[in-house]
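The primary structure of each chain is shown beneath.
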Amino acid sequence: MAISEAFYERVDAGRFLATEHTRGPWDPGSQHAGPPAALLGRAVEEREGAREDMRIARITYEILRPVPIGPLEVTTSVLRAGRSTEVVEAALAPVGAAPVMLARALRIRVAAEAVPGVTPAPQLPPPGEVGETPFFPVPWETGYHSAMETRFTQGAFVSLGPGTCWMRMKVALVAGEETRPLDRVLVAADSGNGISSVMDFARYVFVNGDLTVHLHRHPVGEWACVEARTSVDAAGIGLADARLHDEKGPIGRSAQSLFVAPRG
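Residues numbered from 1 in each chain as written. Predicted model: local features only at pLDDT ≥ 70, side-chain atom pairs only at ≥ 80, totals over all residues. Heavy atoms only, no water.

**Things to note about the overall build of the protein**
Here is step 1: Secondary structure assignment for the protein yields 4 helices and 14 strands.
Here is step 2: Since a compact globule built from 264 residues should have a radius of gyration of about 18 Å, the 18 Å found for the protein is in line with a globular shape.
Here is step 3: Along the first, second and third principal axes, the C-alpha set of the protein runs to 50 × 45 × 40 Å.
Here is step 4: Counting every position in the protein, which comprises 264 residues, the buried fraction comes to 51%.
Here is step 5: Charged side chains in the protein number 26 positive and 31 negative. The centres of these two groups are separated by 5 Å. (Helix = DSSP H or I, 4+ residues; strand = E, 2+ residues; numbered from the N terminus. Rg over C-alpha atoms; globule rule 2.2 N^0.38 Å. Buried < 20%, exposed > 50% of the residue type's maximum accessible area, 1.4 Å probe, protein only. Lys, Arg positive; Asp, Glu negative; His and termini not counted. Charge placed at Lys NZ, Arg CZ, Asp CG, Glu CD.)

See below:
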């Protein structure tokens with residue numbers, strides 16, 4: 001059977017089938033958190049009755065359990081609605097089961113030329129000036145690692161320390177549907193801890209149980225850049241903190257809380 005050229009196939013309005021492209025590098029039956037993060041972000045923006053004059057300024061994900069590859073259901077609810085802001089929650093669950101991932105988004109009202117813009121200029125080499133960088137070795141051929149194009153301007157997946165990586169989706173988020181710049185940023189943002197790993201993958205596990213993305217500007221274009229740095233305390237708690245960019249310049253930040261422990 002041919003593999004879909006997308007992370008998900010839509011079954012109906014709120015149900016999706018995850019494809020092999022969502023597979024993460026650690027477990028053949030579980031997804032990398034990037035694709036489901038983007039799917040929940042899209043659900044927040046596309047929910048019935050969503051105001052067109054608002055956009056996501058902050059979205060926080062709680063990764064309750066590994067997200068399985070298979071049929072999934074997305075639900076949304078409005079927790080607070082106001083004139084200038086609203087808070088929307090989205091949940092992702094295997095069909096008929098409890099949620100495995102939650103997202104809570106703050107949406108803020110926008111208006112054209114409402115205030116003077118203060119926008120930093122691009123600070124990084126554009127992706128066209130650097131070559132493609134391979135992922136670290138993964139024991140299966142198809143997954144998130146093969147569905148993303150990666151180009152490092154600093155560091156590498158196999159190098160320890162801070163890293164800066166341009167990322168571009170090779171497949172759509174949902175089959176047959178337009179991929180949007182916000183999808184591209186949210187798919188990439190969960191890679192900060194891998195881009196800036198400070199410990200040997202073979203000796204230590206460092207898993208994030210959450211992800212928070214702040215966006216001061218709506219992203220544009222096909223490329224998203226994650227400029228990441230990881231810090232780890234000897235007690236086993238870490239933080240991967242990243243600046244996010246598109247080709248026009250900085251757009252926001254992301255952060256991941258890490259559980260760090262020796263393997264075995």
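The discussion continues.
**Some remarks on helix H3 (residues 181-189)**
Here is step 1: The element H3 is largely enclosed, with a buried count of 8 among its 9 residues.
Here is step 2: All of the buried residues along H3 are Leu182, Asp183, Arg184, Val185, Leu186, Val187, Ala188 and Ala189.

**Section: helix H1 (residues 34-46)**
Every α-helix winds through 3.6 residues per turn, so residues three or four apart in the chain are directed the same way.
Here is step 1: Compared with an ideal rise of 1.5 Å per residue, which puts 13 residues at 18 Å, H1 spans 18 Å between its outermost C-alpha atoms and is within 8% of the ideal.
Here is step 2: Among the 13 residues in H1, 11 count as buried, and that is most of the element. (Expected span 1.5 Å × (residues − 1).)

**Regarding the packing of aromatic side chains**
Here is step 1: Across all of its chains, the model carries 10 aromatic pairs by this definition.
Here is step 2: Taking the centre distance of 6.2 Å and the plane angle of 85° together, the rings of Phe135 and Tyr144 count as edge-to-face. Like Phe135, the residue Tyr144 is buried in the burial classification.
Here is step 3: Within the aromatic cluster, the residues linked to one another by ring pairs are Phe7, Trp26, Phe135, Phe136, Tyr144, Phe152, Phe157, Phe201 and Phe206. (Phe/Tyr/Trp six-rings, centres within 6.5 Å; stacked < 30°, edge-to-face > 60°.)

**Side note on the side chain of Thr150**
Here is step 1: In this structure, Thr150 sits in strand S7 (residues 148-154).
Here is step 2: Owing to a relative accessible area of 1%, Thr150 belongs among the buried residues under this scheme.
Here is step 3: At 2.5 Å, the side chain of Thr150 forms a polar contact with the backbone oxygen of Thr133.
Here is step 4: Setting aside anything within four residues of it in sequence, one finds Thr150 in contact with Gly131, Glu132, Thr133, Phe135, Phe157, Cys165, Trp166 and Met167. (Polar contact = N/O pair within 3.5 Å; in protein donor to acceptor, adjacent residues only side chain to side chain. Contact = heavy atoms within 4.5 Å.)

**Some details on the pairing of strand S11 (residues 210-215)**
Here is step 1: Of all 6 residues in S11, 5 are buried; the element is thus mostly enclosed.
Here is step 2: The pairing of strand S3 (residues 54-63) with S11 spans 5 bridges and is antiparallel. Looking across to S11, one finds that Tyr61 is bridged to Leu211.
Here is step 3: Relative to strand S14 (residues 249-262), S11 is paired through 4 bridges, and the arrangement is antiparallel. Residue pairing for S14: Thr212 is matched across the bridge by Ala255. (Pairing = 2+ DSSP bridges.)

**Some words on the environment of Thr153**
Here is step 1: Note on placement: Thr153 falls in strand S7.
Here is step 2: Given the relative accessible area of 28%, Thr153 is considered partly exposed.
Here is step 3: C-alpha of Thr153 to C-alpha of Pro122: the two residues are 31 residues apart in sequence and 14 Å apart in space.
Here is step 4: Beyond its immediate chain neighbours, meaning those up to four positions away, Thr153 contacts Pro125, Val130, Thr164 and Trp166.

**Some remarks on the environment of Glu5**
Here is step 1: Mapped onto the secondary structure, Glu5 falls in the segment before strand S1 (6-12).
Here is step 2: Excluding its chain neighbours within four sequence positions, the residues that come into contact with Glu5 are His21, Val171 and Ala172.

**Some points on the state of the cysteines**
Here is step 1: Per the stated rule, a full pass over the model turns up 0 disulfides.
Here is step 2: Considering cysteine sulfurs only, Cys225 is the nearest to Cys165, which forms no disulfide, with 6.9 Å between them.
Here is step 3: By relative accessible area, Cys165 is classed as buried at 0%.
Here is step 4: Judged by its relative accessible area of 1%, Cys225 is buried. (Disulfide = S-S within 2.5 Å.)

**Quick notes on the pairing of strand S6 (residues 101-109)**
Here is step 1: In the sheet, S3 pairs with S6 via 9 bridges, with the strands oriented antiparallel. Paired with Ile56 across the bridge in S6 is Arg107.
Here is step 2: Pairing analysis gives 8 bridges linking strand S5 (residues 85-94) to S6, with the strands arranged antiparallel. In the strand pairing of S6, Thr85 is matched with Ile108.
Here is step 3: Hairpin connection between S5 and S6: a loop of 6 residues separates the two successive antiparallel strands, and Gly96 in this loop has a positive phi of roughly 85°.

**Quick look at the pattern of salt bridges**
Here is step 1: Under the criterion given, the structure shown has 17 salt bridges.
Here is step 2: Linking Asp183 and Arg42 is a salt bridge whose minimum nitrogen-to-oxygen distance equals 2.6 Å. Placement of Asp183 in helix H3 and of Arg42 in helix H1 is noted, with a sequence separation of 141 residues between them. Take Asp183 and Arg42: they sit in the same class, and that class is buried.
Here is step 3: Taken together, the shared-partner salt bridges in this structure form one network comprising Arg10, Arg42, Glu177 and Asp183. (Salt bridge = Lys/Arg side-chain N within 4 Å of Asp/Glu carboxyl O.)

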